[in-house]
Amino acid sequence: MSSLSAHLLEEIRELPAKYPQPRSAVMPALDLAQEEVGYLTTEAMTEVAAALQLDPGYVEGVATFYTLFHLQPVGKHCFYVCTNLSCMLRGAGEIVDRVKGAAGVREPGEVSKDGLFSYEEVECLGACEYAPMMRLDHGYHYDLTPEKIDALIAERRTPAAAAQAPGPLPQKPKPRARKAKSG
Ligand code: FES
């Protein structure tokens, strides 16, 4: 039996036509598979490879290279906290500590007892201007504070929120206007 649903495999088969290089479809395809299964099993990666007519070793190589892909189960809500330079200078360490404490996990990849949360420390997500920042449930969250982390976790602990599927990626906010120099 297939580990990915028939409609998802159909969606994956249509992806290459959207890219100048058909192989570029591998990342969105893996993203879709991970979304459906929760993490990338060997079976799921094999089915993605077959659907895209790619070598399974190539697909697995992509899946193992990027930290946003998981080969083990993760929490329903995974915090990807940027711990690169700009974010660290603006308090990412404190954000990681609050995520760990509030979610009830001790290290990257560990899943909280209720299965709701896990976290990863990731490289620059390209939004340094809004440091410290992270990705959560396919959305970016900017200018983080420990209080914002508490609120995000509390929202996801309510039964209604826990039942909701993750939403689409929101747009990045417009760059901040520079302050006019005085004098
Ligand atoms: S260093 Fe964190 S987004 Fe760039």
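About the criteria used
- Residues numbered from 1 in each chain as written.
- Predicted model: local features only at pLDDT ≥ 70, side-chain atom pairs only at ≥ 80, totals over all residues.
- Heavy atoms only, no water.
- Core = buried A, V, L, I, M, F, W, Y, C linked by side-chain atoms within 4.5 Å.
- Buried < 20%, exposed > 50% of the residue type's maximum accessible area, 1.4 Å probe, protein only.
- Helix = DSSP H or I, 4+ residues; strand = E, 2+ residues; numbered from the N terminus.
- Contact = heavy atoms within 4.5 Å.
- pLDDT = per-residue confidence, 0-100.
- Pairing = 2+ DSSP bridges.
- Expected span 1.5 Å × (residues − 1).
- Patch = residues over 30% accessible without salt bridge, like charges linked within 9 Å, V, L, I, M, F, W, Y side chains within 5 Å.
- Areas by Shrake-Rupley, 256 points an atom, 1.4 Å probe, with all protein chains shown as cover.
- Salt bridge = Lys/Arg side-chain N within 4 Å of Asp/Glu carboxyl O.

Draft legend 1. Structural view of the nonpolar core. Counting 22 residues, the largest nonpolar core has L4, I12, L30, V48, L52 and V59 as its most contacted members. The set of elements that each furnish at least two residues to this core consists of helix 1 (6-14), helix 2 (26-37), helix 3 (42-52) and helix 4 (56-65). Sort the elements by how many residues they give to this core and helix 3 lands first, with 6 residues. Not counting the four nearest positions on each side in its chain, L30 is found in contact with L40, M45, V48, V59, V62, A63 and F69. Among the nonpolar cores identified, the runner-up in size contains 16 residues, and V81, I95, L116 and I149 belong to it.

Draft legend 2. Structural view of the confidence of the model for the chain. Across the chain, the average pLDDT comes to 89, with 86% of residues at or above 70. This model gives residues 165-171 a pLDDT under 50, and the stretch forms 12 contacts once residues within four places in sequence are excluded.

Draft legend 3. Looking closely at the pairing of strand 2 (residues 117-122). With 5 of its 6 residues buried, strand 2 lies for the most part within the structure. Alignment of strand 1 (residues 77-82) against strand 2, held across 6 bridges, turns out to be parallel. Each residue of the ladder has a partner; that of H77, found in strand 2, is F117.

Draft legend 4. Focus on helix 6 (residues 92-103). Given a rise of 1.5 Å per residue, 12 residues ought to cover 16 Å, and the 16 Å separating the end C-alpha atoms of helix 6 matches this to within 8%. Residues of helix 6 that are buried make contact with strand 1, helix 5 (85-89), strand 2 and helix 7 (146-157). G104, located one to two residues past helix 6, shows a positive phi value of around 80 degrees.

Draft legend 5. Here's a closer look at a nonpolar patch on the surface. There is a patch of nonpolar side chains on the surface, built from M27, F65 and Y66 and spanning about 320 Å² of accessible area. Tracing the sequence through the fold places Y66 in the loop between helix 4 and strand 1.

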